[in-house]
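What the coordinates show
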Amino acid sequence: MEKTQETDTDTLISDINDIAIHDPVISKSVTENEPEPSSSEQGSSYEILFDQLKENNKHIFVLSTAGKPIYTRFGNENQMASLFGLMIALVSVTQDSNDTLQSICCGQTRIVFLNKDPIILVGVSQSSEPNDQIKKQLTYVYNNIISTLTLTQLKKIFHNRTNFDLRRLMSGSERLIDKLITFTETDPGFLLDSISCLQMPSSSRDKITQTILTQCSKIKNLVFGLLIAQKHIISIVRMKKYSLHVSDIHLILNLINSTESFKTAETWTPICLPTFDSSGYMHAHISYLAEDCQACLVLLTIDHNLFFALSDAKRKITEKMRCNDCLHEINEAIIRQPVSLARANITGLRHLLYKNKNRSQHWCPPFTSPYNTIALQQNLMSVYSSLISQMNFPGRTLKVIFQQLTAETMLAWATDDVELYMSFEPLVSKECATNAVTKLTQWMKKEEDSLFIFNIPMF
Amino acid sequence: MKRLTAKLVFMGSQGVGKSSIITRYIKGDFKKECEATIGASFMYAKVTLRDYQITLKVWDTAGQERFRSLVPMYYRNSDAVAIIFDVSDRDSFNQVKNWINEVRKNTDTPVVYYVVGNKTDLIDTRVIMYEEAEEFANSVNARYWETSVYSNTGIQDLFTNIGRNLIEIVESSKPPVHLKLEIDPEEAPNNERINNSKIQCCTN
């Protein structure tokens with residue numbers, strides 16, 4: 001059994017070499033190997049396609065198990081029929097031998113598969129991120145599809161018609177997937193499974209939360225309320241016994257931050273929160289508090305008739321917040337310079353990610369010198385990413401990692417409550433780095449009240 | 001001043017310009033790239049006509065197929081329905097009939113129907129001509145109107161006309177009970193047709 005599997009894999013790899021998108025010579029061989037290239041024109045169109053694909057080092061494709069294209073991050077699915085055909089062939093040939101294709105590695109290129117019957121997600125990456133992380137990105141994309149359709153509907157559609165073209169139902173939501181992929185590549189919250197909170201004095205936050213809570217607690221069937229400022233959460237309230245999972249909050253954040261029209265009108269939309277309940281829709285009332293306060297209030301309910309009740313509640317929340325100065329305090333917090341790491345005054349420390357494990361919240365201070373360019377910041381993020389995946393590798397518990405790299409010295413530090421990833425100047429010693437942990441932990445004790453949400457009340 | 005509050009719903013295929021028409025009317029601006037509406041948006045549009053101050057509660061529904069099953073939730077109890085199509089896209093025109101039939105089947109109150117051909121600035125690619133659309137609208141007892149958000153024609157008049165038709169209904173001998181007409185007390189001491197309606201939301 002194992003033997004056959006090996007040969008299968010060999011053929012797969014030789015197949016995959018034909019489409020390796022980093023090698024111009026090899027990609028040309030695809031056009032030559034094409035069974036019946038009807039004309040030289042078609043041959044050159046493949047070349048153009050592969051040239052386009054090569055311009056980007058991270059691709060994500062979604063297709064149905066029947067091989068119908070659903071989504072591609074770059075380019076047009078219609079021009080990639082043969083590419084999608086190859087993907088489905090790779091998946092089914094392994095399936096035939098009662099196995100599941102997880103990933104293919106060839107040179108720099110890694111191809112990761114996530115089979116979520118009735119759809120398959122494929123990630124192709126030439127950057128250094130771990131396979132698990134690519135798989136997690138694919139899961140996010142999958143969750144986004146579920147959030148627009150629900151799992152129940154997705155299964156039903158393909159149960160009735162295996163050949164269904166899902167793009168019909170996905171139309172208009174592709175841009176959300178595009179933005180979500182960018183989010184997974186740039187936001188530390190994705191790496192840390194956590195959310196970032198808008199920094200503000202805890203007394204202000206409590207006042208805001210209380211104002212929302214007072215209105216929300218009166219409404220039957222309201223399940224969650226969130227107040228969001230750009231990428232940060234200001235406040236969360238929830239119904240007794242229910243809680244919001246981080247990955248669902250990420251989907252909500254992505255929806256809000258990708259949709260300009262929420263700023264001009266109240267929106268009422270069904271949304272499925274896959275981790276909360278993948279089988280059905282919740283209904284979301286989405287609106288910005290006021291023209292002069294760009295914080296977005298999301299109220300989630302299970303009752304699709306609740307729009308006017310929620311609209312009314314929102315109006316009252318805004319009125320109250322105007323009276324008790326909350327709107328002003330939110331605005332202050334939005335424009336305030338985020339707290340800088342320099343204030344902690346720790347020698348040699350350049351940057352860090354701090355995760356409060358119990359709350360699933362993190363703090364990522366603004367990048368300062370030498371991380372002045374996007375490229376350098378991305379590079380640091382990928383160093384973090386590799387540390388995070390080493391720290392959280394399933395089946396083992398690491399407490400400390402100390403790494404001296406060419407450009408920086410990294411320290412990862414985990415306790416029961418905190419995960420800490422620190423970037424130091426290159427020549428910082430182990431002792432110096434561990435001392436920094438102590439110093440930072442003390443400093444955080446003073447600051448964390450404003451950096452994290454400690455009070456998520458229920459109604 | 002008489003105050004009238006009515007519910008207006010915009011429907012139609014995706015990309016025909018529903019949101020753009022409303023944004024043009026309310027905000028006065030136009031974006032060439034308009035992102036697809038998610039679910040439905042709710043806005044207030046004001047129309048002042050004769051001695052009437054009309055507040056239209058406008059539902060702007062998403063045209064995407066996946067939101068289709070939700071549309072009844074929005075047009076229920078509506079007073080006016082505007083079904084938009086793109087004059088350069090026959091499919092979107094063909095859809096109009098289905099929308100009208102659907103609303104007819106599911107409402108029992110008198111509704112002002114407007115069929116609106118948008119994007120009339122696309123002269124070269126236009127496939128639905130005025131005559132064809134108007135004939136069709138007449139055949140389904142709807143009014144036909146043309147707009148171009150791009151060149152800002154017909155937009156103001158669309159809302160004014162809808163307002164005018166709503167006034168006609170309110171002033172008719174049997175105005176529907178749910179159409180809310182309020183008359184400023186000092187001006188209407190003995191008016192019998194005041195609907196005694198505080199702000200009452202359509203929660204049913």
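Rules used in this analysis
Residues numbered from 1 in each chain as written. Chains lettered and ligands numbered in written order. Predicted model: local features only at pLDDT ≥ 70, side-chain atom pairs only at ≥ 80, totals over all residues. Heavy atoms only, no water. UniProt positions renumbered as here; feature names shortened; annotations may be inferred. Buried < 20%, exposed > 50% of the residue type's maximum accessible area, 1.4 Å probe, protein only. Helix = DSSP H or I, 4+ residues; strand = E, 2+ residues; numbered from the N terminus. Pairing = 2+ DSSP bridges. Axes fitted to C-alpha atoms, helices over the stretch in contact; angles between N-to-C directions. Parallel < 35°, antiparallel > 145°, perpendicular 65-115°, else oblique. Contact = heavy atoms within 4.5 Å. Nonpolar A, V, L, I, M, F, W, Y, C, P; charged D, E, K, R; others polar. Buried area = accessible area lost by both parts, 1.4 Å probe. Salt bridge = Lys/Arg side-chain N within 4 Å of Asp/Glu carboxyl O. Polar contact = N/O pair within 3.5 Å; in protein donor to acceptor, adjacent residues only side chain to side chain. Arc of directions from axis to C-beta. pLDDT = per-residue confidence, 0-100.

Here chain B is described in UniProt, under the heading Sequence similarities (unreviewed entry), as follows: "Belongs to the small GTPase superfamily. Rab family."

An unreviewed UniProt entry annotates chain A as Vacuolar fusion protein MON1 homolog originating from Acyrthosiphon pisum. Reading the Function (unreviewed entry) entry of the UniProt record for chain A gives the comment "Plays an important role in membrane trafficking through the secretory apparatus." According to UniProt, the comment filed for chain A under the heading Sequence similarities (unreviewed entry) is "Belongs to the MON1/SAND family."

Here we take up the pairing of strand β10 (residues 282-290) of chain A. All names here are of chain A. Counting buried positions over the 9 residues of β10 gives 9, a clear majority of the element. Here strand β9 (residues 266-271) runs beside β10; their pairing, made up of 5 bridges, is antiparallel. Its bridge partner being in β10, Pro 270 is matched across the sheet by His 283. Joining the antiparallel neighbours β10 and strand β11 (residues 293-301) is a turn of 2 residues.

The subject of this paragraph is the packing of helix α13 (residues 307-323) of chain A against helix α14 (residues 326-335) of chain A. Residue and element names in this part refer to chain A. At their nearest, the axes of α13 and α14 sit 5 Å apart, and the two run at 80° to each other. In terms of their interaxial angle, α13 and α14 are classed as roughly perpendicular. For the pair formed by α13 and α14, the contact residues are Thr 318, Met 321 and Arg 322 on the first element and Cys 326, Leu 327 and Ile 330 on the second. Residues that form the contact of α13 with α14 fall into these classes: 4 nonpolar, 1 polar and 1 charged.

Turning our eyes to something else, we now look at the environment of Asn144(A). Residue and element names in this part refer to chain A. Position of Asn 144 among the secondary structure elements: in helix α5 (residues 131-149). Sequence-wise, Asn 144 and Ile 271 are 127 residues apart; in three dimensions their C-alpha atoms are separated by 9.9 Å. Here Asn 144 is in contact with Leu 176, Ile 177, Leu 180, Leu 251 and Asn 254, once residues within four sequence places are set aside.

Bringing the UniProt feature "domain: FUZ/MON1/HPS1 second Longin" (unreviewed entry) in chain A into the picture now. Sites flagged by UniProt as "domain: FUZ/MON1/HPS1 second Longin" (unreviewed entry) map to residues 220-318 of chain A. The span residues 220-318 of chain A carries 28% helix and 39% strand; its end-to-end C-alpha distance comes to 20 Å.

Once that is clear, we can look at the interface of chain A and chain B. Between chain A and chain B, the residue contacts involve 29 residues of the former and 24 residues of the latter. Buried area between chain A and chain B, summed over both chains or domains, comes out near 2200 Å², and the portion from carbon and sulfur atoms is 56%. Summed over the shared surface of chain A and chain B, the result is 3 salt bridges. Across the pair Glu65(B) and Arg168(A) runs a salt bridge whose closest N-O atoms are separated by 2.6 Å. Our enumeration of links across chain A and chain B arrives at 10 residue pairs in polar contact (both at pLDDT 80 or more). Only α5, α7 (167-170), α8 (174-186), β9 and α13 of chain A provide two or more residues apiece to the side of chain A that touches chain B. It is β9(A) that contributes the most residues to the side of chain A that touches chain B, 5 residues altogether. Broken down by class, the residue content of the side of chain A that touches chain B amounts to 11 nonpolar, 13 polar and 5 charged.

Residue and element names in this part refer to chain A. A sheet is described by the order of its strands in space; here 6 strands give the open sequence β6-β13-β12-β16-β15-β14, paired in mixed fashion. Both outer strands of the open sheet, β6 (195-196) and β14 (400-404), are each paired with one neighbouring strand and no more. Pairing geometry for β14 and strand β15 (residues 409-414), over 5 bridges, is antiparallel. Bridge pairing in β15 links Phe 402 to Leu 411. Sheet contacts for helix α16 (residues 430-451): β12 (349-356), β13 (361-363), β14, β15 and β16 (418-424); angle to β16, the most-contacted strand, approximately 125°.

This part is about helix α4 (residues 130-139) of chain B. Residue and element names in this part refer to chain B. Among the residues making up α4, those that are buried are Ala 133, Phe 136 and Ala 137. Relative to the axis of α4, the buried residues are bounded by an arc of 100° and lie together on one face. For α4, the exposed residues lying more than 90 degrees away from the buried face are Glu 131, Glu 135 and Ser 139. As for α4, its buried residues are in contact with β4 (80-86), α3 (90-106), β5 (112-118) and β6 (143-146). Taken from the residues just after α4, Asn 141 is the one with a positive phi, measuring 60°.

Turning next to the confidence of the model for chain B. All names here are of chain B. Scored by pLDDT, chain B has a mean of 86; 88% of the residues are at 70 or more. A low-confidence stretch, residues 188-204 stays under pLDDT 50, and its non-local contacts, those more than four residues away or across chains, total 24 contacts. If you check the scores for this complex, the pTM reads 0.88 and the ipTM reads 0.85.

Walk down a regular strand and you will see the side chains alternate between the two sheet faces. Residues and elements named next belong to chain A. Alternating positions in strand β3 (residues 103-106) separate cleanly, Ile 104 and Cys 106 being buried on one face and Ser 103 and Cys 105 remaining unburied on the opposite face. Relative to strand β4 (residues 109-116), β3 runs antiparallel, the two sharing 4 bridges. Opposite Cys 106, over in β4, you have Thr 109 as the bridge partner. Where β3 folds back on β4, the antiparallel hairpin that results is connected by 2 residues, among which Gly 107 adopts a positive phi of roughly 60°.

So, on to the pattern of salt bridges. Residues and elements named next belong to chain A. A complete count under the given rule lists 23 salt bridges over all chains for this structure. The partner of Lys 58 in a salt bridge is Glu 129, with the nearest N and O atoms 2.9 Å apart. Of the two residues, Lys 58 is situated in strand β1 (residues 58-64) and Glu 129 in the loop between β5 (119-125) and α5; the sequence distance between them amounts to 71 residues. Per residue, the accessibility class of Lys 58 equals that of Glu 129, and both read buried. Asp 312 serves as the salt-bridge partner of Lys 316, at 3.3 Å between the closest nitrogen and oxygen. One end of the pair is Lys 316 and the other is Asp 312, both in helix α13 and 4 residues apart, which spans about a single turn. Overlapping salt bridges, with partners in common, bring together Lys 58, Arg 73, Glu 129 and Glu 185 in one network.

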